[in-house]
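# Structure at a glance
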Amino acid sequence: VIKVSRGCPHHCFFCLATPVSGSKLRTRTAENIIDEIKECIDKYKITNFLFWSDCFNFNRAWTVNLCSKIIESGLKFTWSANTRADTMDEELAKLMYKAGCRLVSIGVESGSQEILNNIGKNVTLDKIRNTVKILKKNRIKIYNYFVIGLPWETEKTVEETINFAKELDSDFISFYTAVPLPGTKFFAYAMMNKLVDENINFEN
């Protein structure tokens, strides 16, 4: 795992990224990242990496520069990263693949546009469809994440999410149960609406 950046300005309803890492994006330089990768290859023969970040493609210019520097370095390795569905385009996908990217994970969360709007994702189902299409076209495998059980969830929205997951037909998927983690907007909502047992001690 290579930690390449910290921070996410989106602060989605259920997510801990912003409370933990802050809303300001801080990135390492491409040179610094490549130096660490080279050391891992030379010393430990590691040739596959996870580029860990709160939102890998948020700064497109930074992503382009990193991929370009990786290609220029001549190092042979593969890597995966996470992204939002509204930060991918054809040119970027091609460059990422050329730089060694073989898998991208996307927080899809829900197949209900209403729920996506309520949790502040600021992305449409059609945008998600388009991003998945672009990644498939450029031979990058896809790992989609979904969350079930948010406050507005109904049998209908659960069904919409299941159907959307089938429609996207990604290489890997995970379904998670919504949890109001302390520090998230979801936690504040749950406390305000008495959805959390007041006797729970969150200090332990």
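Coordinates for the structure precede this section.
Right, let's walk through the structure included here. Fair warning: this is a prediction, and the values are worked out from it, not measured in the lab. Each residue is numbered by its place in its chain's sequence as written, counting from 1. The predicted origin of the model limits local features to residues at a pLDDT of at least 70 and limits the giving and counting of side-chain atom pairs to 80 or more, whereas totals for whole chains, interfaces and linings rest on all residues. Each side-chain value is derived from all of the structure's non-hydrogen atoms; neither hydrogens nor water enter the calculation.

## Concerning a nonpolar patch on the surface
Nonpolar side chains (Val, Leu, Ile, Met, Phe, Trp, Tyr) are joined into patches within 5 Å and like charges within 9 Å, using only residues with over 30% relative accessible area and no salt bridge. Each accessible area value is a Shrake-Rupley result obtained with a 1.4 Å probe; residue values ignore everything except the protein chains displayed when judging cover. The salt bridge definition used is simple: a Lys or Arg side-chain nitrogen within 4 Å of an Asp or Glu carboxyl oxygen. Residues Ile162, Ile173 and Phe175 make up a contiguous nonpolar surface patch of about 230 Å² in total accessible area. By the secondary structure assignment, Ile173 is in strand S8 (residues 172-177). Starting at the N terminus, helices and strands are each numbered in turn, a helix being any DSSP run of H or I of at least four residues and a strand any DSSP run of E of at least two.

## Some details on the sheet that holds strand S7 (residues 141-148)
Following DSSP output, two strands are said to pair if at least two bridges run between them. Strands sit in the order S1-S4-S5-S6-S7-S8 across an open sheet of six strands; the sheet is parallel. Looking at which strands have only one partner, the edges of the open sheet turn out to be strand S1 (2-3) and S8. By the bridge criterion, four bridges tie strand S4 (residues 48-52) to strand S5 (residues 78-83) in an arrangement that is parallel. Bridging across to S5, Phe51 finds its partner in Ala81. Contacts: residue pairs with any heavy atoms within 4.5 Å of one another. Structural elements are reduced to axes, namely lines fitted to C-alpha atoms, with helices fitted over the stretch in contact, and the angle between N-to-C directions of any two is expressed from 0 to 180 degrees. On the sheet, helix H2 (residues 30-44) packs against S1 and S4 and is oriented at approximately 150° with respect to S4. Relative to the sheet, helix H6 (residues 125-137) contacts strand S6 (101-109) and S7, its axis offset from that of S6 by approximately 170°.

## Description of the pairing of S7
One ladder, built from six bridges, connects S6 with S7; its direction is parallel. Note on S7: the bridge partner recorded for Glu109 is Phe146. When S7 meets S8, the two strands line up parallel, connected through six bridges. The residue of S8 that forms the bridge with Phe146 is Phe175. What joins S7 to S8 is helix H7 (residues 155-168), and the crossover it makes is right-handed. Convention used here: a crossover is right-handed provided that the path from the first strand, over the helix, to the second strand proceeds clockwise when the strands point away from the viewer.

## Let's talk about the environment of Glu72
With respect to the helices and strands, the residue Glu72 is situated in helix H3 (residues 60-73). Once the C-alpha coordinates of Glu72 and Val4 are considered, the two residues, 68 residues apart in sequence, prove to be 18 Å apart.

## Thoughts on the environment of Leu195
Note that Leu195 resides in the segment after helix H8 (185-192). Through-space distance from the C-alpha of Leu195 to that of Pro180 is 9.2 Å; in sequence the pair is 15 residues apart. In contact with Leu195, other than residues within four places in its own chain, are Tyr189 and Ala190.

## Points about the pattern of salt bridges
This structure, assessed with the given rule, holds 13 salt bridges. For Arg60, the salt bridge identified is with Asp89, shortest N-O distance 2.9 Å. Here Arg60, found in helix H3, pairs with Asp89, found in the loop between S5 and helix H4 (90-98); they are 29 residues apart in sequence, far enough to count as distant. Whether a residue is buried, partly exposed or exposed follows from its accessible area with a 1.4 Å probe, protein chains only, as a fraction of its type maximum: under 20%, in between, or over 50%, in that order. Judged by relative accessible area, Asp89 falls into the partly exposed class, the value being 23%. Among the charged side chains, a network of salt bridges with common partners joins Arg60, Asp89 and Glu91.

## Some points on the packing of H3 against H4
Where H3 meets H4, the closest approach of the two axes is 9 Å, and the angle between their N-to-C directions is 30°. Considering only the axes of H3 and H4, their crossing is left-handed. In contact with Arg60, Thr63, Val64, Cys67, Ser68 and Ile71 of H3, H4 contributes Glu91, Leu92, Leu95, Met96 and Lys98. All amino acids are sorted into three groups, where Ala, Val, Leu, Ile, Met, Phe, Trp, Tyr, Cys and Pro are nonpolar, Asp, Glu, Lys and Arg are charged, and the leftover types, Gly among them, are polar. Looking at the contact of H3 with H4, its residues break down into six nonpolar, two polar and three charged. Handedness of a crossing is defined here by the sense of rotation of the near helix relative to the far one, left-handed for an anticlockwise turn of less than a right angle and right-handed for a clockwise turn.

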